[in-house]
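Each chain, letter by letter, is given below.
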Amino acid sequence: QKEVEQNSGPLSVPEGAIASLNCTYSDRGSQSFFWYRQYSGKSPELIMSIYSNGDKEDGRFTAQLNKASQYVSLLIRDSQPSDSATYLCAVNKGSGAGSYQLTFGKGTKLSVIP
Amino acid sequence: DAGVTQSPTHLIKTRGQQVTLRCSPKSGHDTVSWYQQALGQGPQFIFQYYEEEERQRGNFPDRFSGHQFPNYSSELNVNALLLGDSALYLCASSSTSGGLYEQYFGPGTRLTVT
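Values in this document were obtained by computation on a predicted structure and should not be read as measured data.

What counts, and at which threshold
- Residues numbered from 1 in each chain as written.
- Chains lettered and ligands numbered in written order.
- Predicted model: local features only at pLDDT ≥ 70, side-chain atom pairs only at ≥ 80, totals over all residues.
- Heavy atoms only, no water.
- Helix = DSSP H or I, 4+ residues; strand = E, 2+ residues; numbered from the N terminus.
- Rg over C-alpha atoms; globule rule 2.2 N^0.38 Å.
- Buried < 20%, exposed > 50% of the residue type's maximum accessible area, 1.4 Å probe, protein only.
- Contact = heavy atoms within 4.5 Å.
- Pairing = 2+ DSSP bridges.
- Axes fitted to C-alpha atoms, helices over the stretch in contact; angles between N-to-C directions.
- Core = buried A, V, L, I, M, F, W, Y, C linked by side-chain atoms within 4.5 Å.
- Salt bridge = Lys/Arg side-chain N within 4 Å of Asp/Glu carboxyl O.

As a further point, take the overall build of chain A. Across its full length, chain A carries 0 helices and 11 strands. Secondary structure of chain A in N-to-C order comes out as β-β-β-β-β-β-β-β-β-β-β. Over its C-alpha atoms chain A spans a radius of gyration of 14 Å, differing by no more than 12% from the 13 Å that the globule rule assigns to 114 residues. Seen through its C-alpha atoms, chain A measures out along the principal axes to roughly 45 × 30 × 25 Å. Residues classed as buried in chain A amount to 46% of the 114 residues present. The long-range share in chain A, meaning contacts at least 24 apart out of those at least 6 apart in sequence, stands at 55%.

Okay, here's the thing in structure tokens:
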């Protein structure tokens, strides 16, 4: 089982719809969770971080964390064509071996259709 | 507020050669991590530097080495280049204060080995 898994997509949504991106992780001791957006040919950009169970909202973005299910999601409301990118889920273990590194999924490619 | 900077932007090297990549962290950050991102994959952790020492290392061979300077900037060195080393090399900076583990990426260096 891979440490961080994401559906590679592509995920296509119409403009104005809600895009839902999902991520599961294998290390139950993971403490910190991040979503990065990566446009083609560019570097990853941090858009959301979440550390405790529940929802965290920032503008059109909502991150959801369920540690019992080892599941993190990102919702993008009112999706815009400019949201078309690859979204990377990253996990930090928080303690012990490997505690300083981020472990990434392969990313989900999102396409917002005008 | 200057973000993370990396140089050079692009680099073409021949198999067997050596390469040095450079990174300056975001203002106020004291920790630098290096990642390798192959096409279609998420970034993979190479190592992290803090207080001029390698604090953690990922699953990369000894051909990959680094250094951190007193001003927190960092170098990544790769010896005996292989074709498989062709990738986007990302530097990420973070701060040890706050314990949030948020890492911010620079624009990356695209290395091509021929």
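Now that the structure has been shown, the text picks up again.
Another point: the sheet that holds strand 1 (residues 5-7) of chain B. Residues and elements named next belong to chain B. Taken together, 4 strands build an open sheet; the order of strands is 1-3-8-7 and the sheet is antiparallel. Each edge of the open sheet carries a strand with a single partner, namely strand 1 and strand 7 (64-68). On average, each strand axis in the sheet is inclined to that of its neighbour by 20°, with strand direction left out of account. Inspection of the sheet shows strand 3 (residues 19-24) paired to strand 8 (residues 74-78) by 5 bridges, in the antiparallel sense. Considered in strand 8, the bridge of arginine 22 is made with glutamate 75.

Another aspect to go through is the nonpolar core. Counting 23 residues, the largest nonpolar core has A:Trp35, A:Val72, A:Leu74, A:Ile76 and A:Tyr87 as the members making the most contacts within it. Every element with two or more residues in this core is listed here: strand 3 (19-25), strand 4 (32-38), strand 5 (45-50), strand 7 (61-66), strand 8 (71-76), strand 9 (85-92) and strand 11 (108-113) of chain A. Not counting the four nearest positions on each side in its chain, A:Val72 is found in contact with A:Leu21, A:Asn22, A:Cys23, A:Tyr25, A:Phe33, A:Trp35, A:Ile50, A:Gln64 and A:Leu65. In this structure, B:Val19, B:Trp34, B:Tyr49 and B:Val113 belong to the second largest nonpolar core, which totals 20 residues.

It is worth spelling out the pattern of salt bridges at this point. Residue and element names in this part refer to chain A. In total, this model carries 6 salt bridges over all chains according to the counting rule given. With its nearest N and O atoms 2.9 Å apart, the salt bridge here joins arginine 37 to glutamate 45. Look at arginine 37 and you get buried, because its relative accessible area is 13%. Aspartate 83 is the partner of arginine 60 in a salt bridge, and the nearest nitrogen-oxygen pair spans 2.9 Å. Linking arginine 60 in the loop between strand 6 (54-58) and strand 7 with aspartate 83 in the loop between strand 8 and strand 9, this pair joins segments that are 23 residues apart in sequence.

Attention now goes to the pairing of strand 4 of chain A. Residues and elements named next belong to chain A. Within strand 4, 7 of the 7 residues are buried, which leaves the element mostly enclosed by the surrounding structure. Burial along strand 4 is two-sided: Ser32, Phe34, Tyr36 and Gln38 facing one way and Phe33, Trp35 and Arg37 facing the other are all buried. Summarising the sheet, strand 4 and strand 9 pair through 7 bridges and their orientation is antiparallel. Bridge assignment links glutamine 38 to a residue of strand 9, and that residue is threonine 86. If you look at the hairpin formed by strand 4 and strand 5, you'll find 6 residues sitting between the two strands, and glycine 41 has a positive phi there, around 80°.

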